[in-house]
Each structure stands twice: as C-alpha cells, then as structure tokens.
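Fold and geometry: a report
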Amino acid sequence: MSILIYAESQNGKVSKGAKELASYAKAYADKTGQNVVAIGFGIENPDELYKYGVSKVLNVTNETLKQFNAEAHSEAVKQAAEKENANLIVISSSNDAVYAGPVIAAKLDAGYVPNVVALPEDGSDFIVKRKVFTSKGIAYTAILTNIKVLRLFKNSFGLAESPVDGSVEEFNPNIDLSVYETYKVVNVEKATGKISLADADIIVSAGRGLKAGENWGMIEELADVLGAATACSKPVADLGWRPHTEHVGQTGKQVAPNLYIAVGISGAIQHLAGVNGSKYMLVINNDPEAPFFKAADYGVVGDAFEVVPELISKLKTFKSNH
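Residues numbered from 1 in each chain as written. Predicted model: local features only at pLDDT ≥ 70, side-chain atom pairs only at ≥ 80, totals over all residues. Heavy atoms only, no water.

Considerations on the pairing of strand S13 (residues 229-232)
Of the two faces of S13, the one lined by Ala229 and Ala231 and the one lined by Thr230 and Cys232 are each fully buried. Bridging between strand S12 (residues 202-206) and S13 involves four bridges; their strand directions are parallel. Counterpart to Val204 in the pairing with S13 is Thr230. With helix H5 (residues 217-226) bridging S12 and its parallel neighbour S13, the resulting β-α-β unit is right-handed. (Buried < 20%, exposed > 50% of the residue type's maximum accessible area, 1.4 Å probe, protein only. Helix = DSSP H or I, 4+ residues; strand = E, 2+ residues; numbered from the N terminus. Pairing = 2+ DSSP bridges. Right-handed = clockwise from strand over helix to strand, strands pointing away.)

Concerning the sheet that holds S12
Strand order in this open sheet of five strands is S13-S12-S14-S15-S16, and the pairing throughout is parallel. Single-partner strands in this sheet number two, and they are S13 and strand S16 (298-301). Put simply, the sheet's adjacent strands are angled 15° from each other on average, direction ignored. As paired strands, S12 and strand S14 (residues 259-263) are joined by five bridges and run parallel to one another. Looking at S14, one finds that Ala206 is bridged to Val263. In this fold H5 packs onto S12, S13 and S14, with an angle of close to 170° to the strand it touches most, S12. (Axes fitted to C-alpha atoms, helices over the stretch in contact; angles between N-to-C directions. Contact = heavy atoms within 4.5 Å.)

Some points on the side chain of Lys19
Structurally, Lys19 can be placed in helix H1 (residues 16-32). Take Lys19: its relative accessible area is 17%, and that puts it in the buried class. At a separation of 3.1 Å, a polar atom in the side chain of Lys19 contacts the side chain of Glu48. Not counting residues within four places of it along the chain, the set of residues in contact with Lys19 comprises Val14, Glu48, Tyr52 and Leu159. (Polar contact = N/O pair within 3.5 Å; in protein donor to acceptor, adjacent residues only side chain to side chain.)

Regarding the packing of helix H3 (residues 70-83) against helix H4 (residues 95-108)
In contact at an axis separation of 9 Å, H3 and H4 are set at 45° when each is read in the N-to-C sense. The angle between H3 and H4 falls in the class oblique. Crossing handedness for the pair H3 and H4: right-handed. Seen from H3, the contacting residues are Ala70, Glu71, Ser74, Glu75, Val77, Lys78, Ala81 and Glu82; seen from H4, they are Tyr99, Ala100, Val103, Ile104, Lys107 and Leu108. (Parallel < 35°, antiparallel > 145°, perpendicular 65-115°, else oblique. Left-handed = near helix turned anticlockwise from the far one by under 90°.)

Remarks on H3
With 14 residues, H3 extends 20 Å from end C-alpha to end C-alpha; this agrees with the ideal 20 Å at 1.5 Å per step. Most of H3 sits inside the fold, with eleven of its 14 residues counted as buried. Those residues of H3 that fall on the buried side of the exposure criterion are Ala70, Ala72, His73, Ser74, Glu75, Ala76, Val77, Lys78, Gln79, Ala80 and Ala81. Close packing links the buried residues of H3 with strand S1 (2-6), strand S4 (35-41), strand S5 (54-60), strand S6 (86-91) and H4. For H3, the capping residue at the N-terminal end is Asn69, with a side-chain oxygen 3.0 Å from the backbone nitrogen of Glu71. Immediately beyond the C-terminal end of H3, within one or two residues, lies Asn85, with a positive phi of roughly 55°. (Expected span 1.5 Å × (residues − 1).)

Take a look at the structure:
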C-alpha cells in the first residue's frame with residue numbers, strides 16, 4: 001500500500017502546496033509504514049519532493065496533459081493510484097484540485113473529505129478533522145471506504161523536510177485526449193505580483209477605503225517590506241483598480257495565509273468567507289464599527305493613509321536593526 005499525492009507545479013516547478021502535501025503524507029506514512037508517491041505533470045525538479053519524503057514521482061510528460069483538465073487529470077490520478085496500490089490520495093485546495101477532487105473520488109469509489117487540517121486520528125476508524133461553515137466550525141469525519149481522498153486545507157500542516165532517496169518514473173496514463181475539446185483555454189490572465197496568492201505566507205489586501213487605484217503604491221510597498229502578496233476586495237476588482245487575479249473572497253480566491261492584513265476593507269460576509277481560514281488577521285480601518293473587527297485577531301482604528309506609511313517606516317527600521 002502507498003499514499004499518493006497530486007503534486008501540482010507551475011512552469012515545471014513544484015508548488016509550495018505540493019510540498020505541504022508531501023509533508024502531510026510523509027508524516028502519516030511514518031505512522032503506517034507506507035511509502036509516498038507523487039503524480040505530477042511536467043515536473044522539472046522532482047528532487048524538491050524527495051526533500052519532503054516522496055520516494056517516487058510519476059511524471060506525466062505528455063504536452064497536452066500539462067494543461068489542467070479535471071476529467072483528464074482525475075483519470076491520470078486514478079490510474080496512478082491503481083498502479084501504486086494507493087489507499088489514500090491527498091490533494092491540495094488549489095482552484096484546480098477543488099474541481100478534480102470529487103471526480104477522483106468518484107472514479108475510485110472513494111470517500112472524499114475536503115478542508116482537512118490534521119493527520120487522521122489513531123484508532124480503528126479513519127477519522128479526520130476538517131474545517132466547515134467557511135472555517136467557522138470544526139467537524140470530525142469518519143471515512144468508511146477502502147480508498148480515501150483528502151483535500152488538505154491550505155497552510156494547515158506546513159512544510160516539514162524529511163529527505164529520502166527518491167526516483168522519477170515517466171508515466172503515460174491511457175487518457176482520451178478528446179476531453180480537451182470540451183472546453184479550451186483561450187486566454188490566461190497571470191498575476192503580476194512577485195509572490196502568488198497561493199504560495200504567500202503573508203497577504204496585504206485593500207478595499208475601497210483606499211479611494212482610488214493610484215493609491216495602491218503604499219500597499220505594494222508594505223507587501224514588499226513583508227515579502228507578501230497583494231490582494232483586494234471584489235468591489236476594487238470590479239472598479240478596475242486592481243486585476244481580478246487579486247480578488248479574494250467567496251466569489252474570488254479563497255486564501256489561508258499565516259497573516260492576512262486588511263486595509264480599508266469593511267469585512268462583508270462574502271469577503272470573510274474567503275479569508276477567515278487565515279491563522280491571524282490584522283485589520284486597519286477608520287470605522288470602529290466595521291464588521292471586520294469582530295473577526296480580526298488584531299485591529300487598528302485609524303486612517304490608512306497615516307497608519308500604513310508609519311507601519312512601513314517602523315518595519316524598515318526594525319529590519320535594518322536586525
């Protein structure tokens with residue numbers, strides 16, 4: 001028996017999410033005596049997965065399959081699971097994996113649990129802890145099927161190096177490529193930030209409180225000082241102040257960084273639904289009654305145009321002294 005992870009990559013490079021999956025799978029494999037296998041599509045640096053406990057990488061090199069398609073990738077994962085006799089498949093909470101997860105489970109006749117935040121509990125039953133109700137609650141779910149599919153919540157386990165001697169094997173699943181005719185990618189809008197929202201440990205986000213798109217310079221500067229990604233609320237993206245790739249919330253990207261800084265965002269329930277998985281939230285707003293303060297771990301009541309520049313100055317001084 002083995003544990004299989006669906007290791008996503010960006011331009012051939014293993015994503016941070018894939019490394020977290022490997023860390024999670026390896027920790028559980030050490031308890032159960034299993035080995036960890038990864039399936040990836042066009043991975044160029046499989047050694048990055050060996051660092052986190054993956055002993056074998058099944059690398060799909062077919063050029064067509066490098067483009068995500070839920071049906072094609074799910075079928076490839078199914079065939080990999082059958083080849084490696086995997087009884088546990090672990091996937092990330094990326095936009096692609098969210099679509100692929102239920103399809104993978106259906107193909108394998110497996111139980112499927114999303115938003116998992118911890119290793120399965122010890123005992124006769126396979127029970128996992130997961131977030132529910134847009135991260136406002138916790139549920140413990142038992143999976144009774146022989147094969148299980150878990151979708152790991154972002155940043156819930158972290159990275160833990162556990163180097164092994166790994167190997168890479170070219171994998172050519174039998175896929176009907178006509179599924180790519182169902183829909184075609186006609187345009188890709190790439191985020192322009194230095195750090196992607198998916199990989200960011202810190203996110204600096206802003207809303208209509210900044211009054212205009214030209215005022216975003218201080219947000220970008222704060223993000224640069226912190227080594228953070230930038231994001232925005234839905235109204236900001238709709239107004240064209242920032243690209244839609246930065247829109248976070250229920251109808252945008254759902255994020256779960258270690259620190260989420262919200263500047264000039266009131267905290268509507270739709271926005272909170274996409275960010276309240278963050279470990280810590282800091283809110284800067286001049287309205288003390290803003291709903292965001294009820295959900296935040298830390299809050300600063302004040303004018304963003306005064307608070308943010310002062311924060312940047314203090315951070316720069318701190319960094320220069322340490």
